[in-house]
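Descriptive structure summary
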Amino acid sequence: MSHDLFEAARGAMAFAHAPYSKFPVGAAIRAEDGKIYTGANIENLSFPQGWCAEPTAISAMIMGGARKIVEMAVIAEKLPLCPPCGGCRQKISEFAAKDTKIYLCDEAGVQKTMTMEELLPFSFETELG
Ligand code: THU
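Every chain begins its residue count from 1, and numbering advances along the sequence as written. Only residues with pLDDT of at least 70 get local features here, since the model is predicted, and only at 80 or more are side-chain atom pairs given and counted; chain-wide, interface and lining totals rely on the full set of residues. Processing note: side-chain calculations cover all non-hydrogen atoms of the structure and skip hydrogens and water entirely.

For the protein chain, an unreviewed UniProt entry supplies the name Cytidine deaminase and the organism Rhizobium etli. UniProt positions are given in the numbering used here, feature names are shortened, and annotations may be inferred rather than shown by experiment. Listed under Function (unreviewed entry) in UniProt, the entry text for the protein chain is "This enzyme scavenges exogenous and endogenous cytidine and 2'-deoxycytidine for UMP synthesis." Among the UniProt annotations of the protein chain, the heading Sequence similarities (unreviewed entry) holds the following wording: "Belongs to the cytidine and deoxycytidylate deaminase family."

The way it works is that DSSP assigns letters per residue, a run of H or I at least four long becomes a helix, a run of E at least two long becomes a strand, and they are numbered from the N terminus. Summing up its helical and strand segments, the protein chain has four helices and five strands in all. Listing every helix and strand of the protein chain by position from the N terminus yields α-β-β-α-β-α-β-β-α. Two things to know: the radius of gyration comes from C-alpha atoms, and the globule rule equals 2.2 Å times the number of residues to the power 0.38. The C-alpha atoms of the protein chain give a radius of gyration of 14 Å, which matches the 14 Å a tight globule of 129 residues would have. When checking whether two residues touch, look at their non-hydrogen atoms; a contact exists if any pair is within 4.5 Å. Across the protein chain, every contact between residues at least 6 apart in sequence was considered, and the portion connecting residues at least 24 apart equals 59%. Per-residue accessibility takes into account occlusion by the displayed protein chains alone, with areas from the Shrake-Rupley method and a 1.4 Å probe. Per element, the accessible surface of the protein chain, about 7,200 Å² overall, is 59% carbon and sulfur.

Attention now goes to helix α1 (residues 3-13). Every α-helical turn comprises 3.6 residues, leaving residues that sit three or four positions apart pointing alike. The complete set of buried residues in α1 reads L5, F6, A8, A9, A12 and M13. Along the axis of α1, the buried residues cluster in a sector spanning 160°; they form a single face. The rule is simple: take the accessible area with a 1.4 Å probe, protein chains only, and divide by the maximum for that residue type; under 20% is buried, over 50% is exposed, in between is partly exposed. Note that the arc is defined by the directions from the helix axis to the C-beta atoms.

Each aromatic ring pair is specified by the distance between its two centres and by the angle formed by the two planes. Pairs were defined over the aromatic rings of Phe, Tyr and Trp, the Trp ring being its six-membered one, requiring ring centres within 6.5 Å. Orientation was assigned from the angle between planes: stacked under 30 degrees, edge-to-face over 60, tilted for the rest. According to the stated counting rule, one finds one aromatic pair in the structure shown. Taking the centre distance of 5.5 Å and the plane angle of 50° together, the rings of Y20 and F47 count as tilted. In this pair, Y20 is assigned in the loop between α1 and β1 (25-31) and F47 in the loop between β2 (36-40) and α2 (53-63), connecting sequence segments 27 residues apart. For Y20, a relative accessible area of 41% translates into the label partly exposed.

The subject of this paragraph is the site of the ligand. Surveying the vicinity of the ligand reveals the residues S21, F23, V25, N41, E43, C52, A53, E54, P83, P84 and C85. Counted as a polar contact is a pair of N or O atoms within 3.5 Å, where, for protein atoms, one must be capable of donating a hydrogen and the other of accepting one, and residues adjacent in sequence contribute only when both atoms are in side chains. Here A53 contributes a backbone N or O atom positioned 2.8 Å from an oxygen atom of the ligand. One of the backbone N or O atoms of C85 is found 2.9 Å from an oxygen atom in the ligand. Calculation on the ligand without its partners gives an accessible area of 370 Å², and the protein chains cover 76% of this total. Classes in brief: Ala, Val, Leu, Ile, Met, Phe, Trp, Tyr, Cys and Pro nonpolar; Asp, Glu, Lys and Arg charged; the others, Gly included, polar. A breakdown of the residues in the shell around the ligand according to their chemical character gives seven nonpolar, two polar and two charged. Definition of nearness: a residue and a molecule or strand are near each other if at least one heavy atom of the residue lies within 4 Å of the molecule or strand.

Our focus in this paragraph is the UniProt feature "active site" (unreviewed entry) in the protein chain. According to UniProt, the feature "active site" (unreviewed entry) maps to E54 in the numbering used here. If you trace the backbone, E54 turns up in helix α2. Beyond its immediate chain neighbours, meaning those up to four positions away, E54 contacts A27, M72, V74, P84, C88 and I92.

Most peptide bonds are trans, and most residues other than glycine sit at a negative phi. Notably, K22 is not glycine yet its phi reads approximately 50°, a positive angle. Positionally, K22 belongs in the loop between α1 and β1.

Listed below in structure tokens is the structure:
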């Protein structure tokens, strides 16, 4: 059920540290252990040093001992649909399958569902992974 993931992402967005962009983002991952790992964007006065909500959630998942993204939700209060940025797509794909579902949410819930393959077609792949 994606609604709990949406609610987790929305809750995570409240933890955003986004004083510069004023663009809070929340992300939530359901991992293969059944747990939900969340993240928010964390900006920095030295602007390029900030990072997105998605890698915060990925970090939480990895440090929680999980390795696979089963499904993921992303929300930004100032954008009805917030597709993960290019760098985040690559980061997510490291731990996702081509058919992993990514839910793009607004305040009311999931508004668009995309697969990893749709989000990042013709992705970088080598014999290493
Ligand atoms: N942001 C995310 O957290 N995820 C995305 O996929 C897009 C952008 C953040 C980065 C920055 O803190 C703010 O949104 C404005 O770009």
